[in-house]
Amino acid sequence: MKFVAIIQARMGSSRLPGKIMKMLRGKPVLLHVIERVRQAGVFDEVAVATTYRDIDDEVAKFVDSKGITLVRGDELDVLSRYGLAAHATNADVIMRITADCPLIDPDVLRDMVQRYKVGGVDVITNARVRHFPRGLDAELFSRNALDQMLAQAKTSSEREHVTPFLYAHPEHFNIVDHFSGADHSDLRLTLDTEEDFDLLERIFEAPENPDELRLNDVLSLLQKNPQWRLINSHVEQKKA
């Protein structure tokens, strides 16, 4: 089986335009995501799926410069972009990741892949029943599940948000929810607002090597600096 991580990435955020190319500790957010996905050591390939819009030419140029598989497609039909990327990489199993998660945890991704390899599963997700902080979201699904979504998902919401069709039809898929040891769902470690970026900057500036940050390290930092939690605690997640 070929495991491929597909990172959906675009510059056109309504709340924080260009967020995925903002610099964190000397590197674009998108590069942090790519490198942390690679650190998991369980993916045969990493691909980036962006849009045809001129604003995303910067993303395409950057991804090409890193020698990473790139596909470009419809901005709002993100599901179709996953289809293009799966075809381009000949993926058997797809990990869905978004480019606004610079603290995505390699250990979490590895655990999800290892659980999938045990067998008997079509989908593993840590985003349906949330225990992990927002910003560590990942969904792993079979190529067959993706093909069914591509063929049968019809609504704009199903196409834009990729996986709603899976969860609306549990009778067709064996779905496993992946949990953390404790409930940290109240934390925002994603990037969607200036407040989110403020918190992420503090987290990335704290350690000697931010590439080694894992969830437990971030939790320890927040415990030592409880005022940091207040920076983006008021931010509401955009509704799907």
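In the block above lies the structure referred to throughout.
A brief report on the enclosed structure follows. (Residues numbered from 1 in each chain as written. Predicted model: local features only at pLDDT ≥ 70, side-chain atom pairs only at ≥ 80, totals over all residues. Heavy atoms only, no water.)

Concerning the overall build of the protein
How we decide: Helix and strand definitions follow DSSP, with helices as H or I runs of at least four residues and strands as E runs of at least two, each counted in order from the N terminus. Every radius of gyration here is taken over C-alpha atoms, with the globule rule written as 2.2 Å times N^0.38, N being the number of residues. When a residue's accessible area, from a 1.4 Å probe over protein chains only, is under 20% of the maximum for its type it is buried; when over 50% it is exposed; and in between it is partly exposed. In what follows, residue pairs with any heavy atoms lying within 4.5 Å of each other are defined as contacts. Surface accessibility follows the Shrake-Rupley procedure with a 1.4 Å probe radius. Residue values consider only the protein chains on display as shielding. In this tally, Asp and Glu contribute negative charge and Lys and Arg positive charge; neither His nor the terminal groups of the chain are included. Charge positions come from single atoms, namely NZ of Lys, CZ of Arg, CG of Asp or CD of Glu.
When helices and strands are counted, the protein shows nine helices and nine strands. The C-alpha radius of gyration computed for the protein amounts to 17 Å, which stays within 12% of the reference 18 Å derived for 240 residues, consistent with globular compactness. Residues classed as buried in the protein amount to 55% of the 240 residues present. Across the protein, every contact between residues at least 6 apart in sequence was considered, and the portion connecting residues at least 24 apart equals 70%. Counting only carbon and sulfur atoms, one obtains 46% of the accessible surface of the protein, whose full area is about 10500 Å². Each charge sign in the protein was given a centre, from 31 positive and 38 negative side chains, and these centres are 0 Å apart.

Thoughts on the pairing of strand 4 (residues 45-51)
Where we set the bar: Strands are labelled as partners when DSSP assigns at least two bridges between them. When the strands point away from the viewer and the connection leading from the first strand across the helix to the second strand turns clockwise, the crossover is called right-handed.
Burial within strand 4 is extensive, with seven of its seven residues counted as buried. Here strand 4 shows two buried faces, one formed by Glu45, Ala47, Ala49 and Thr51 and the other by Val46, Val48 and Thr50. Two elements, strand 1 (residues 3-8) and strand 4, share five bridges in a ladder whose sense is parallel. Each residue of the ladder has a partner; that of Ile7, found in strand 4, is Val48. Looking at chain direction, strand 4 and strand 5 (residues 69-73) are connected through five bridges and run parallel. Within the sheet, the bridge partner assigned to Ala49 lies in strand 5 and is Val71. For the crossover from strand 4 across helix 2 (residues 57-65) to strand 5, the handedness is right-handed.

Re the nonpolar core
Inclusion rule: By nonpolar core is meant a set of buried Ala, Val, Leu, Ile, Met, Phe, Trp, Tyr and Cys residues that side-chain atoms within 4.5 Å join together.
Formed by 58 residues in total, the largest nonpolar core has its most connected members in Ile7, Leu30, Val37, Phe43, Met95, Leu109 and Ile203. At the level of elements, strand 1, helix 1 (29-39), strand 4, helix 2, strand 6 (93-98), helix 4 (106-118), helix 8 (194-205) and helix 9 (215-224) are the ones that each hand at least two residues to this core. The element contributing the most residues to this core is helix 1, with six residues. Sequence-distant contacts of Leu109, defined by excluding residues within four places in its chain, comprise Val37, Ala40, Val42, Phe43, Met95, Ile97, Ile104 and Ala138. By size, the runner-up hydrophobic cluster in this structure holds 23 residues, among which are Ala47, Val78, Met149 and Phe173.

Looking at the packing of aromatic side chains
As a reminder of what qualifies: Whether two aromatic rings pair depends on their centres lying within 6.5 Å, for rings of Phe, Tyr and Trp, where Trp uses its six-membered ring; planes under 30 degrees apart make the pair stacked, over 60 edge-to-face, and the rest tilted.
Evaluated as defined, the whole model comprises two aromatic pairs. Each ring, one from Phe3 and one from Tyr116, has its centre 5.8 Å from the other, and the planes form 90°; the classification is edge-to-face. One end of the pair, Phe3, is in strand 1; the other, Tyr116, is in helix 4, with 113 residues separating them in the sequence. Of the two residues, Phe3 and Tyr116, neither departs from the other in class, the shared state being buried. When the centroid spacing of 6.5 Å and the interplanar angle of 75° are considered together, the rings of Phe165 and Phe173 count as edge-to-face.

Here's the deal with unusual backbone geometry
A positive phi angle, close to 55°, is found at Asn90, a residue other than glycine. You can see Asn90 is positioned in the loop between helix 3 (78-89) and strand 6. Note on Asn90: relative accessible area 55%, which makes it exposed. Positive phi is not limited to glycine here, since Val162 has a value of about 75°. Of note, Val162 is situated in the loop between helix 6 (156-160) and helix 7 (164-168).

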